Protein chains: 2
Amino acid sequence: MAEPVTIGVGLIGSGVVGGGVAEVLLTRRDLIRQRAEVDLDLLLVADKERERALATGIAPDRITDDYRSVVSDPRISIVVELIGGVNLAYDVVSAALRAGKHVVTANKALLAERGGDLFALARTNNLCLSFEASVAGGIPLLLSLREGLIANRLSSLLGIVNGTCNYILSEMTAKGISFADSLKEAQNLGFAEADPSTDIDGKDSGHKLALLSALAFDTWIDFPSLHIEGIRNIQDSDIKITSFLGYTLKLLAVARTDPPPPPISQGINQELPGPGRLFLSVHPSLLRKSNPMASVSGSLNAVETNGDVVMESMFYGRGAGRYPTASAVVSDIAAIAKNLRYGGARGWFPPASNSYQIAPMEDYRTRYYLRFNVHDRSGVLGILATILGRHHVSIAAMHQFEDDPNDNLASVCLSTHLAREGDITQAIAEITRMDFLAGEPALIRIED
Amino acid sequence: MAEPVTIGVGLIGSGVVGGGVAEVLLTRRDLIRQRAEVDLDLLLVADKERERALATGIAPDRITDDYRSVVSDPRISIVVELIGGVNLAYDVVSAALRAGKHVVTANKALLAERGGDLFALARTNNLCLSFEASVAGGIPLLLSLREGLIANRLSSLLGIVNGTCNYILSEMTAKGISFADSLKEAQNLGFAEADPSTDIDGKDSGHKLALLSALAFDTWIDFPSLHIEGIRNIQDSDIKITSFLGYTLKLLAVARTDPPPPPISQGINQELPGPGRLFLSVHPSLLRKSNPMASVSGSLNAVETNGDVVMESMFYGRGAGRYPTASAVVSDIAAIAKNLRYGGARGWFPPASNSYQIAPMEDYRTRYYLRFNVHDRSGVLGILATILGRHHVSIAAMHQFEDDPNDNLASVCLSTHLAREGDITQAIAEITRMDFLAGEPALIRIED
């Protein structure tokens, strides 16, 4: 066995994940030396709260309260940013790259919103900017997409990438409780933050989808333009009814190419037909209960892909948490170190030009679940069906539930055959103008 | 973007998988150039059947019928062995390594049975010997274990790694048919070979487990010593009864450390307690139906791991087939090429010394399903329970089914609490001597 080469590592932020990374680096040093023939030496940990850094087991003389000491330390080759947030993290990462350090981060918000500049800086300086832990936590997903599936054009990617939302929806499903009660429970158990909006409004899933788009579809997007719907308006009755129809409700990050690639049975001896489009969206979605993704419950994550060579794949595991996330961060550090030992490290960069144009959601085609709360007069069902039909929306199943016999209120729930989203929204707009409607209609996409 | 560097590739064998690799290399050349900044040039394809090579779309002047032309071609840096079998493949791979070529193969039998020599040769010559496609086909499993989970000691790995067996068992379960009928159906559909013994007797799963042991547990084993049980003796009645008990039957490749690591809730700030042992075994196994692995049906593969940092992970996808396997082979080629471009390639090698000793199966501890066919006399149940109890085997559930009222034959089926396998086999040996027994008892391990 070759003599291991020592690589200096600096850590900025020793909170939940950063502290876990320090612990893993300190306790797994021998294991990684044995496996990768590199010796990862955690030389410096920067944290404003010294006690927090000390608790990781790092030697007291390796703690600083100034991130600049880490960035400027000539012994350090790899800087790990784990302070979170966007603005200060941007300063830290860009300072590290300008100082010639490879960077590892778990910060999806930073990369999705300001990654363009940072990757450009990394490319200019021929440095790695690695971010395995930023999507789906401990699951080696980015590695698998980037290297394992390198020969594939994906036609779709569906991801449960936010554990908070998945926990809330799983509890609503299992216990029949409301969104508000489930959120409260998640907050009590530490699965949701005091201000949960980044999670429950889908923004966190959106950050992850933006990065997945770049990695899996060679398409870097302008984050604010991403279509995002959260789970705040999901009603327990929709979960009950769709469960009765055979579906499980999940918040999904969805990417689908348009047109879809030809089936593999026709062989693969052809190039992609012309420049394609890509639908990117975060939205509540219904999955048939037999779909393996439907049984991913609680705070777990899973991502299902379809490649034109490899066909279906699924990656499943812990999407968050101190140690699972640290596992992914340390895998990035070890990979860079190994490359440094055996030649030069070469990171991943966003594509020089995008492979796909982003398609507007009005062109999206899928099956839909719709719910209309109505004043139950005679003829209402007929009018609903007529309006939908006029907009080319064909009904697959329809159920009317009596909500309140005294008030004469009913819920009309239906699933459609494949339909164009623009047609659906026009039909809904027309239905919304009807005086028999009582409250906002609900639309949930069926992704199966 | 940097100018791509051209890397010469030679392919030996253009059958099902080899032909797929040629097609993928030819049609995905631009895609890989764009993603990895390397240009993979398939310079030569060796096949005894020229027509087969021609069908892949390779230029006629790039076909040879002599593998030595590929191995000795100075323009070729990476040789891909896809002829299968052990003896000739050994000659091909060792010749390529001796000629200074990096090698990619999908040949699990070759590596599990004679990999020791080949990896030593690769290490001596500082070459890569890559084999992503050899286990779980298109799933980027080895990459994930080797790099993604590098910071983890695994405590267990359970794999459905043979699509033929999984197809046969899935059909037996879904249709209630016998093993023989299900095998015949699998053969008619091309999911099983004319001589299916390597698959159904578990040897193929064993080859894969041997490689997984080296990658995931740093333990290289002597293949003939591996404990392997196939599915030939599985009776449809056992599938029906265990299904009634809430289980699904799968052929699993199983690796478990002994003792298991302490729970992560105690933190990870400790080294492994002393030198551990490793159970390695291929055997029919019962999984609770709610286990995600239980719903992996048909010819699909899945591998579930438990790491002491990352906790549970699952990898799922196509374990075989022309294109899924080619996807994995090409990912290996691209990874080597990228390393060649940016420094030096450094492959994976078996551990210099093993991390675990292999534990004998008599020390295995799990829950068991047992079936005894008996002549139904009074007192039989009591004797069975007494013998089991004397051997420290505690019964969790017991069911007696009337097989044939005329002959007075019954099946006594039971599941045990956690028990030591040595105790179970002693109890079974004692029960087998009883004159009320009608036929061989069945033992199936519950892995959950």
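Everything quoted here is computed from the prediction, not taken from an experiment.

A closer look at the relation of the copies chain B and chain A
- If you rotate chain B by 180 degrees and push it 0.0 Å along the axis, it lands on chain A with an RMSD of 0.0 Å. The superposition operator between the copies reduces to a two-fold rotation axis. Ranked by how close their C-alpha atoms come to the rotation axis, the residues of chain B are headed by Gly343(B), at 1.8 Å.
- Looking at the interface residues of chain B, 100% of them are also at the interface in chain A, so both copies use one shared face.

Considerations on the pattern of salt bridges
- Summed over all chains, the structure comprises 64 salt bridges over all chains.
- Put simply, Arg146(B) and Glu147(B) hold a salt bridge, and the shortest N to O gap is 3.5 Å.
- On the basis of relative accessible area, Arg146(B) is assigned to the partly exposed category, the value being 25%.
- Here Glu147(B) falls in the partly exposed class, since its relative accessible area comes to 22%.
- A salt bridge links Arg390(B) to Glu430(B), with the nearest nitrogen and oxygen atoms 2.1 Å apart. Note that Arg390(B) is positioned in helix α14 (residues 380-390) and Glu430(B) in helix α15 (residues 421-432), a separation of 40 residues in sequence.
- According to the relative accessible area criterion, Arg390(B) is partly exposed, its value standing at 47%.
- A single network of salt bridges, built from pairs that share partners, joins Arg29(A), Asp30(A), Arg33(A), Asp39(A), Asp41(A) and Arg62(A).

What about the interface of chain B and chain A?
- Across the boundary between the two partners, chain B contributes 59 residues, which contact 59 residues of chain A.
- Of the roughly 5700 Å² buried where chain B meets chain A, counting both sides, 53% is carbon and sulfur surface.
- Counting every contact that joins chain B to chain A gives ten salt bridges.
- Its residues assigned to classes, the side of chain B that touches chain A comprises 27 nonpolar, 18 polar and 14 charged.

Digging into the domain arrangement of chain A
Residue and element names in this part refer to chain A.
- Taken domain by domain, chain A comprises domain 1 (5-138 + 323-341), domain 2 (141-318) and domain 3 (362-446).
- Look at where the C-alpha atoms of domain 1 and domain 2 centre, and you get two points 28 Å apart.
- Both faces combined, the contact of domain 1 with domain 2 buries some 1300 Å², and carbon together with sulfur accounts for 71% of it.
- Its largest share of buried area at the contact with domain 2, domain 1 owes to Ala112, Glu132 and Val135, together 40% of the area lost on that side.
- Put simply, domain 1 and domain 2 have one salt bridge between them.
- Here Lys203 ties to Glu113 by a salt bridge, and the two come within 3.8 Å at their closest N and O atoms.
- Summed over the shared surface of domain 1 and domain 2, the number is five residue pairs in polar contact (both at pLDDT 80 or more).
- Among the elements that line the side of domain 1 that touches domain 2, the one with the most residues is helix α6 (residues 108-124), at eight residues.
- Tallied by class, the residues present in the side of domain 1 that touches domain 2 amount to eight nonpolar, five polar and three charged.

Considering helix α13 (residues 322-341) of chain B
All names here are of chain B.
- Here α13 spans 28 Å end to end across 20 residues, near enough to the 28 Å set by a 1.5 Å rise per residue.
- Buried residues dominate α13, accounting for 15 of its 20 residues.
- Of the residues flanking the end of α13, it is Gly343, one or two places downstream, whose phi is positive at about 125 degrees.

As for the packing of α14(B) against α15(B)
Residues and elements named next belong to chain B.
- Direction vectors running N to C along α14 and α15 enclose 145 degrees, while the axes themselves pass 9 Å from each other. Both α14 and α15 take part in a crossing whose hand is right-handed. Each of Leu384, Ile387, Leu388 and Arg390 in α14 lies in contact with α15, whose residues at this interface are Ala427, Glu430 and Ile431.
- Class assignment of the residues belonging to the contact of α14 with α15 gives a composition of five nonpolar, no polar and two charged.

Thoughts on the nonpolar core
- Counting 158 residues, the largest nonpolar core has Leu129(A), Leu141(A), Leu157(A), Ile231(A), Leu141(B), Leu157(B) and Ile231(B) as its most contacted members.
- Leu300(A), Ile387(A), Leu388(A) and Phe436(A) belong to the second-largest nonpolar core, a separate cluster that totals 70 residues.

Things to note about the environment of Glu171(A)
Residues and elements named next belong to chain A.
- In this fold, Glu171 is placed in helix α8 (residues 163-175).
- Here Glu171 falls in the buried class, since its relative accessible area comes to 13%.
- Along the backbone, Glu171 and Ser281 are 110 residues apart, and their C-alpha atoms lie at a distance of 24 Å.
- Those residues within four positions of Glu171 in sequence are excluded, and the remaining contacts are Gly176, Ile177, Ser182 and Glu185.

Comments concerning the packing of aromatic side chains
- One pass over the full model with this rule turns up 16 aromatic pairs over all chains.
- A centroid spacing of 5.0 Å and a plane angle of 75 degrees characterise the contact between Phe279(B) and Tyr364(B), whose relative ring orientation is edge-to-face. Taken together, the residues Phe279(B) in strand β10 (residues 276-288) and Tyr364(B) in the loop between β13 (356-358) and β14 (365-375) connect sequence positions 85 residues apart. Each of the two residues, Phe279(B) as well as Tyr364(B), counts as buried.
- One aromatic cluster in this structure is built from Phe119(A), Phe131(A), Trp220(A) and Trp348(A).
- Over the ring of Tyr90(A) we find Arg114(A); its NZ or CZ atom is 3.7 Å from the centre of that ring.

A word on the sheet that holds strand β4 (residues 78-81) of chain A
Residue and element names in this part refer to chain A.
- The parallel open sheet is built from six strands, whose spatial order is β3-β2-β1-β4-β5-β6. With partners counted over all chains shown, the strands left at the sheet margins are β3 (63-64) and β6 (129-130), one partner each.
- Where strand β1 (residues 5-12) meets strand β2 (residues 38-46), eight bridges bridge the pair, whose relative direction is parallel. Each residue of the ladder has a partner; that of Val5, found in β2, is Val38.

Comments concerning the sheet that holds strand β4 (residues 78-81) of chain B
Residue and element names in this part refer to chain B.
- Taken together, six strands build an open sheet; the order of strands is β3-β2-β1-β4-β5-β6 and the sheet is parallel. For this open sheet the edge positions go to β3 (63-64) and β6 (129-130), each flanked by a neighbour on one side alone.
- Strands in contact with helix α1 (residues 16-27) are β1 (5-12) and β2 (38-46); relative to β1, the strand with the most contacts, it is inclined by about 160 degrees.
- Sheet strands in contact with helix α5 (residues 87-98) are β1, β4, β5 (102-105) and β6, and its direction is about 175 degrees off that of β4.

So, how was this worked out
Residues numbered from 1 in each chain as written. Chains lettered and ligands numbered in written order. Predicted model: local features only at pLDDT ≥ 70, side-chain atom pairs only at ≥ 80, totals over all residues. Heavy atoms only, no water. Least-squares fit on C-alpha atoms with pLDDT ≥ 70 in both. Contact = heavy atoms within 4.5 Å. Salt bridge = Lys/Arg side-chain N within 4 Å of Asp/Glu carboxyl O. Buried < 20%, exposed > 50% of the residue type's maximum accessible area, 1.4 Å probe, protein only. Helix = DSSP H or I, 4+ residues; strand = E, 2+ residues; numbered from the N terminus. Buried area = accessible area lost by both parts, 1.4 Å probe. Nonpolar A, V, L, I, M, F, W, Y, C, P; charged D, E, K, R; others polar. Domains from an automatic or database assignment. Polar contact = N/O pair within 3.5 Å; in protein donor to acceptor, adjacent residues only side chain to side chain. Expected span 1.5 Å × (residues − 1). Axes fitted to C-alpha atoms, helices over the stretch in contact; angles between N-to-C directions. Left-handed = near helix turned anticlockwise from the far one by under 90°. Core = buried A, V, L, I, M, F, W, Y, C linked by side-chain atoms within 4.5 Å. Phe/Tyr/Trp six-rings, centres within 6.5 Å; stacked < 30°, edge-to-face > 60°. Lys NZ or Arg CZ within 6 Å of the ring centre and 35° of its normal. Pairing = 2+ DSSP bridges.

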